[in-house]
Amino acid sequence: MSSPLIRNIAPTDLPHILHIQSACYPADLLEDAVTFAAKLQFAPHCNWLIEMHGQPLGYLFTHPWAGDTPPALNRGDAAWPAQADRFYLHDLAIDPAGRGLQLGITLAQHALDWGTAAGFPVAMLVAVGQADIFWRKLGFTATAVQDAALAQYGNALLMQKKL
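Residues numbered from 1 in each chain as written. Predicted model: local features only at pLDDT ≥ 70, side-chain atom pairs only at ≥ 80, totals over all residues. Heavy atoms only, no water.

As annotated in an unreviewed UniProt entry, the protein chain carries the name GNAT family N-acetyltransferase and comes from Chitinibacter mangrovi.

What follows is the structure, encoded as structure tokens:
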């Protein structure tokens, strides 16, 4: 079996990303192409696509962030922080065709390694649905205070990990 390829997301990957996203999330958690393009523009070097045999099978959008309040969902006009104090893992999705291949763990670990090398002291994310089970395996824990901004994410937990 060949190893997956992880590479930076390019704007031309957005149709693949929208397809994978729609296969993984309910409609109320979907983000549009404008939002993804804004994330790419703000943080072009820390958003990744994972593929095998040239087929995109997953993605992870991350970016620098500041404070304990998570960014708004589906906001292409987000106010990006001038000074970041953490590394935010915003959206990880693996196409159903790629499940069982450990692609999510591979992609998440790639991002955490990047965040550590970039000097971030902590990584933060919002785990939706039952995703906290996955993130706990990577060392994330629920934060003591669950921010009111989580309501936009539905059934979700704010989680973090020291890097």
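A. Spatial organisation of the sheet that holds strand 6 (residues 141–142). Strand order across the open sheet formed by seven strands is 1-2-3-4-5-7-6, with mixed pairing between neighbours. Each of the sheet's edge strands pairs with one partner strand only, and the pair in question is strand 1 (5–8) and strand 6. Sheet topology places strand 4 (residues 86–94) next to strand 5 (residues 122–128); three bridges connect them, and they run parallel. Paired with Tyr88 across the two strands is Met124, which belongs to strand 5. Of the strands in this sheet, strand 2 (47–52), strand 3 (55–65) and strand 4 are in contact with helix 1 (residues 14–24), which crosses strand 3 at around 95°. (Pairing = 2+ DSSP bridges. Helix = DSSP H or I, 4+ residues; strand = E, 2+ residues; numbered from the N terminus. Contact = heavy atoms within 4.5 Å. Axes fitted to C-alpha atoms, helices over the stretch in contact; angles between N-to-C directions.)

B. Focus on the packing of aromatic side chains. Considering all chains together, one arrives at twelve aromatic pairs under this definition. Here the aromatic residues Phe42, Trp65, Trp80 and Tyr88 are joined through ring pairs into a cluster of three or more. (Phe/Tyr/Trp six-rings, centres within 6.5 Å; stacked < 30°, edge-to-face > 60°.)

C. How the structure looks around the nonpolar core. If you look at the biggest cluster of nonpolar residues, it comprises 24 residues, and the most contacted ones within it are Phe87, Leu89, Leu125, Trp135 and Phe140. Mapped onto this core, the elements with two or more residues apiece are strand 2, strand 3, strand 4, helix 3 (103–117) and strand 5. Counting residues per element, this core draws most heavily on helix 3, which supplies five residues. Dropping the residues within four chain positions of it, Phe87 is found in contact with Cys46, Trp48, Thr62, His63, Ala111, Trp114, Gly115, Phe120, Val122, Ala123, Met124 and Leu163. (Core = buried A, V, L, I, M, F, W, Y, C linked by side-chain atoms within 4.5 Å. Buried < 20%, exposed > 50% of the residue type's maximum accessible area, 1.4 Å probe, protein only.)

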